[in-house]
Amino acid sequence: MHTHFLDTYSHLDSPIHRVGAATKTILSIAVIVTLVVSPPSWIGYAAAGIGLLILATASQIPAMFLLKRLIMLEPFVLGAASLALFQPHGVPRFAQIATRSTLCLFTLVILANTTPFSELLHVLRRARMPALMITTLALMYRYLFVLKEESARMRNARASRTFTTTNRHAWRSMTTVIAQLFIRAAGRADRVYAAMCARGWK
Amino acid sequence: MTPAVNVNELHYHYPNGPAALRRVSFTVQAGECVGLVGPNGAGKSTVLAHLNGLLPDNANAKGQVMIDGEMICKKNLDLIRKKVGLVFQEPDDQLFCPTVFEDIAFGPRQFGLPVDRLENLVRESLARVGLDGFESRAPHHLSGGEKRRVCLAGVLACEPDILLLDEPTSNLDPRGRRQLIELLAGLTITRIIASHDLEMILQLCSRAIVFDGGRVIAQGPTRDLLADADLMRAHGLECPASLARDPVAPEALL
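Summary of the structure given here. (Residues numbered from 1 in each chain as written. Chains lettered and ligands numbered in written order. Predicted model: local features only at pLDDT ≥ 70, side-chain atom pairs only at ≥ 80, totals over all residues.)

1. Structural notes on the overall build of chain A
Cut-off, in case you're wondering: Secondary structure elements follow DSSP: runs of H or I of four or more residues count as helices, runs of E of two or more count as strands, with numbering from the N terminus. As a reference, a globule follows 2.2 Å times the number of residues to the power 0.38, and the radius of gyration itself is taken over C-alpha atoms. Burial in this document is a count-based property: other C-beta atoms within 10 Å of a residue's C-beta are tallied, and the residue is buried at 20 or more, exposed at 12 or fewer, or partly exposed in between, with C-beta positions derived from the backbone.
For chain A, the helix and strand inventory stands at eight helices and zero strands. When the helices and strands of chain A are read in sequence order from the N terminus, they spell out α-α-α-α-α-α-α-α. Against the globule reference of 17 Å for 202 residues, chain A gives a C-alpha radius of gyration of 21 Å, more extended than a compact globule. Sorting the 202 residues of chain A into buried and exposed places 17% on the buried side.

Structure follows, in structure tokens:
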């Protein structure tokens, strides 16, 4: 079973994909910092938005895919921005913060989907991010795929023996699956740690 | 000559569990290829974990494990793990890095290999297992057979004197299994293979040790042991078809 659910398009060969991971990371951070510190200006936001859209088109990643990624992360942005509604001049401020954060998020979505994760980790390592954090990120990325496959297998196994689908039943067996996933993940963590020790991890 | 592996009266029980190993003793000479055979839960994997120093030497373990004449203890674990390479049964447990390159480089990096030699070593290790050019692949995009060979490459890259393999042929298709057997046959280092793929054990190992219920039941030349139909059946195994003088009808096994 080959899962592509995270890095579906990060291995394409477009002009954007070909730019070095370090350059892209630095440029993305620069864009974000500029957006955050520059005085609010709708013309500026529009320009940034158009620029990002051009980059997104050049990356040859399907627009729907990027949009879905963005929408998936949007609740966090809107949640944080909605705090502005409780301040004086709340509505314009809310619009500003939401637009600004969405643009930042879009920058990161483009960066993450045009750069293989292992290269991003390499950039972080060279930027002296603490080794423990990089190891944690690397392990998390690696085992997200394994967990995804494991949960898909368990879902199939459950579905193939489910004969009556009432809501109550479905929820109950869902909780079993989630509990099982936790237990299996804990067991796997032990075995992975043993495998790391076997090759000299300290 | 000092034996490569010497296990003496090893006794072990997992925390809150019944005894997993009971007074296990055996010796493996340098350069030998030895098969550990036995049913599920016989203690084969537990023995391999002990040989790699993975099970802490606490009150649960009694007896001695010597690698190259050195008794395994907390102090020399680094040395032991450098000498002894373990290929785990489940490739996904062993391939924990985001790329094949990172994974194979993991061991040598821990053992302090200079960065400029890593790239060569990874390339050579991949070539040894017939996976040239796989450096930048992600483990989750490999087939089962490829994963298994990357695991082997990652352990071989540490240049161990003793190679331990836990069920190396499980879940492989015939071609993947054949490739792996040929790879293992081509090695000259000491190998200890735990498996119930008895045809594979017969092809690779000159000597076999039969485990059951955490005990060593028998040891001797592979051919003699595996041809002993009564011994095999008594311990949840079957004579490999290529050895059975008196092939049992499949229904007689039920």
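Structure's up, so let's keep going.
2. Here's the deal with the interface of chain A and chain B
Filter applied, for reference: This entry defines residue contacts through backbone-placed C-beta atoms, with two residues in contact when those atoms are within 7 Å. As a working rule, the residues Ala, Val, Leu, Ile, Met, Phe, Trp, Tyr, Cys and Pro are called nonpolar, Asp, Glu, Lys and Arg charged, and the rest polar, with Gly in that last group.
At the interface, 22 residues of chain A touch 25 residues of chain B. Listing elements by their share of the side of chain A that touches chain B, those giving two or more residues are α6 (117-126), α7 (131-159) and α8 (167-198) of chain A. Class assignment for the residues of the side of chain A that touches chain B results in 14 nonpolar, four polar and four charged.

3. A few points about unusual backbone geometry
Phi at B:R23 takes a positive value of approximately 45 degrees, unusual for a residue other than glycine. Looking at the element boundaries, B:R23 is found in strand β2 (residues 19-28).

4. Thoughts on the pairing of strand β3 (residues 33-37) of chain B
All names here are of chain B. Filter applied, for reference: Criterion used throughout: strands pair if DSSP finds at least two bridges between them.
In terms of burial, β3 is largely enclosed, as five of its five residues are buried. As paired strands, β3 and strand β8 (residues 190-194) are joined by four bridges and run parallel to one another. Paired with G35 across the strands is I193, a residue of β8. One ladder, built from four bridges, connects β3 with strand β9 (residues 207-212); its direction is parallel. Within β9, the position partnered with V34 by the bridge is R207.

5. Description of α8(A)
Which entries qualify depends on this criterion: Take the number of residues in a helix, subtract one, and multiply by 1.5 Å to get its expected span.
Taking 1.5 Å per residue, 32 residues should reach 46 Å; α8(A) reaches 46 Å between its end C-alpha atoms and fits that length. For α8(A), the full list of buried residues reads A:V192, A:A195, A:M196 and A:A198. For α8(A), the elements touching its buried residues are α2 (77-83), β6 (84-87) and α3 (91-94) of chain B. Among the residues trailing α8(A), A:G200 stands out with phi positive, at a value near 90 degrees.

6. Section: the pairing of β2(B)
Residues and elements named next belong to chain B. Bridging between strand β1 (residues 5-13) and β2 involves six bridges; their strand directions are antiparallel. Across the sheet, H13 pairs through a bridge with A19, a residue of β2. In sequence, β1 turns back onto β2 through a hairpin of five residues, with N16 there showing a positive phi of about 60 degrees.

7. Considerations on the sheet that holds β1(B)
Each strand in a sheet pairs with another by means of backbone hydrogen bonds, the pair being arranged parallel or else antiparallel. Residue and element names in this part refer to chain B. Reading across the sheet, the four strands line up as β2-β1-β4-β5 and stay open at both edges, with antiparallel pairing between neighbours. Of all the strands in the sheet, the pair left with one neighbour each is β2 and β5 (70-71). Bridge analysis of β1 against strand β4 (residues 61-67) gives six bridges, and the strand direction is antiparallel. Paired with V5 across the two strands is I67, which belongs to β4.

None of this, on its own, says anything about what the molecule does.
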